Structure formats: C-alpha cells, structure tokens
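Summary of structural features
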Amino acid sequence: MSDLQIRNLRPEEIALVIDWAAAEGWNPGLADAACFALPDPQGFFVGEIDGAPVATVSCVNYDDRFAFLGFYIVRAGSRGKGHGLRIWNAAIAHAGARVIGLDGVVAQQDNYKKSGFRLAYANIRYGGIVAAPPKPPAEIVALDKIPFATVEADDATVFPAARGAFLRAWINTSGHVGRALLRDGRLAAWGVIRPCRTGRKIGPLVADDRAAAMAVVQALLAHADGSEVFLDVPAINAEAIALAGELGLKPVFETARMYTGPVPPPRIDRVFGVTSFELG
C-alpha cells in the first residue's frame, strides 16, 4: 500500500473539507471556507495516497495559548488503516503547547481522552422552522453599525482567544446577516445568521439574558426566508435551552466540547448560540 502523505491545504483548497463535512451531514455554511482560512492558513491538513485525498483535519491556532480542532474525517474505505491517527497527530503537533478545544462526536469521547482531552460540557444542535415575527424590536440595529472594537470586546467574554479577523469576515461576508440589540446605548446582544447547505444557522448568538437573545433571534428570522433554522446551544446554559424550546426548535444531535487543559473561563451564561462546531 502506498504511504500516506500529509500536507497543508492551501486556503483555496479548504472547500474540500467543507464538502466532506457536508457529506457527513454536518451542514456547513455556504461561505464558511473563506472565513475559516483567516485565523490560521496553515491549520488545515489533508492526507493523500497517490495524490488522492483520504483524510482531513484542521487545528486552527488562534494565538500562542489556544487552538481549536475540527474536520477530522477519514473517507469510507480508508478507515481502520491508521490514516486517521497519523493526520490527527500532525494536527496535534501543529498546536504545540497550546490548549486545544474541539466539538467531538459523543461516541468518540473515550478516544479523544486518550489524547488528553477532557469533557467540559455538551453542545446541542436544535433545528426547525420558525415563523418570522412581523416586526423586530425598535432597539435592533445592523451589527455592522456597532463599532467593531465593541463587538470584539464582547466576543472576548465568550471565547478563549482573540479572533478579530475571523469575526470581521464572519459578520461582513456576503449572505451573512448580523443584528444587535442596544439597551441604553450599550450592546446587550448580537448574532449572525448564515445560509447553509440546508436552511440557515444562527451563530454566534451572544446576549446578556434570554429576552435580549430572543430579540436578536426575532430580527434574524426575518432573513431565514421561511427555511429551517439551526441553533447550537451549550447544554449547561439553561436559559439558552429554554430559548430553543420557546422557539419550537427540536434537538438534532449533540457534540462533546472538550479541552486538553484550562482555558480562560468563558461566560457560558451569555452563549446562546455557538459560532461553529468546526472552529469554536
């Protein structure tokens, strides 16, 4: 058997992992590839045999302390041959001494533990069709009208590392719609909805409380075009779970958020929607 050759995917090749993720039923966003390439262009890997891709993984280094792993896929027919372990080890090596996070398939938790990952909490994807309200609250504004430094500072309360370039692209990419809620002139909630292979996903959704989160969701639903909507929710945020229920969304599947070490404690009580299972 020919040996597995592992190399970095070039930014323009990241669409490969997006397509593979879609084939696995992970329902990526239509414009995810360009955004995902920004934090760490060297963080995407492919394993090839005779020039044909058989395995992928990403390990995006956000800063010198934190990385996030995703897109760990071995093609059917190439599994059980050690290819997954080799490309996994390449991704872990890329992270160096950084703490690594991931959203893994629940059934694979024991395998991830062997690499030093420990369960932090579960994330649950909710989905369904939600009717858009006739009119969003008056306090809602377009997210790009909020000073970016304000949004970036608020994001720092819920994510373990700075991700300014990624966040700016996520907000401004064509097809993505961002909305924010102001209370007494202060940013109280914000979120983004984007088109996916199936329906649309809301994420991130960051808010001071459930009422603020709901106000932003109602504004974002006006851009769902009546399609199915998905929201990825930390299971330990009871208010976020209640929000999903209030919207009439139903659980679709669950992931295990795991880390290899301590991270700056994020305000999970403010996370009503995860940005992405692939990049955190």
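For the structure, check the block above.
Heads up: these notes are all about the structure in this document. (Residues numbered from 1 in each chain as written. Predicted model: local features only at pLDDT ≥ 70, side-chain atom pairs only at ≥ 80, totals over all residues. Heavy atoms only, no water.)

Running from amino to carboxyl end, helix 5 (residues 148-155) crosses helix 6 (residues 164-172) at an angle of 115°, the nearest separation of the two axes being 11 Å. You can see that helix 5 and helix 6 cross each other, and the crossing is right-handed. From helix 5, Phe148, Val151, Glu152 and Asp155 reach across to helix 6, where they touch Gly164, Leu167, Arg168 and Ile171. Among the residues making up the contact of helix 5 with helix 6, the classes are represented as four nonpolar, one polar and three charged. (Axes fitted to C-alpha atoms, helices over the stretch in contact; angles between N-to-C directions. Helix = DSSP H or I, 4+ residues; strand = E, 2+ residues; numbered from the N terminus. Left-handed = near helix turned anticlockwise from the far one by under 90°. Contact = heavy atoms within 4.5 Å. Nonpolar A, V, L, I, M, F, W, Y, C, P; charged D, E, K, R; others polar.)

The next point concerns the pairing of strand 12 (residues 250-259). Pairing analysis gives five bridges linking strand 5 (residues 99-105) to strand 12, with the strands arranged antiparallel. If you follow Gly104 over to strand 12, its bridge partner there is Ala256. Examined bridge by bridge, strand 6 (residues 118-129) and strand 12 share nine bridges and lie antiparallel to one another. Bridged to Asn123 within strand 12 is Thr255. (Pairing = 2+ DSSP bridges.)

Let us now look at helix 1 (residues 15-23). Residues Val17, Ile18, Trp20 and Ala21 constitute the buried set of helix 1. Taken end-on, helix 1 shows its buried residues confined to a sector of 165°, consistent with a single buried face. Of the surrounding secondary structure, the elements contacted by the buried residues of helix 1 are helix 2 (32-36), strand 2 (44-49), strand 3 (52-61) and strand 4 (66-74). Count one or two residues on from helix 1 and you reach Gly25, which has phi positive near 85°. (Buried < 20%, exposed > 50% of the residue type's maximum accessible area, 1.4 Å probe, protein only. Arc of directions from axis to C-beta.)

A few words on the side chain of Lys201. Within the element layout of this structure, Lys201 appears in strand 10 (residues 200-207). For Lys201, which is buried and forms no salt bridge, the nearest opposite charge comes from Asp232, at a distance of 5.0 Å. A polar side-chain atom of Lys201 sits 2.7 Å from the main-chain carbonyl oxygen of Asn27. Leave out the neighbours within four places in its chain, and Lys201 touches Trp26, Asn27, Pro28, Arg125, Val192, Ile193, Arg194, Cys196 and Phe230. (Lys, Arg positive; Asp, Glu negative; His and termini not counted. Salt bridge = Lys/Arg side-chain N within 4 Å of Asp/Glu carboxyl O. Polar contact = N/O pair within 3.5 Å; in protein donor to acceptor, adjacent residues only side chain to side chain.)

By themselves these figures say nothing about function.
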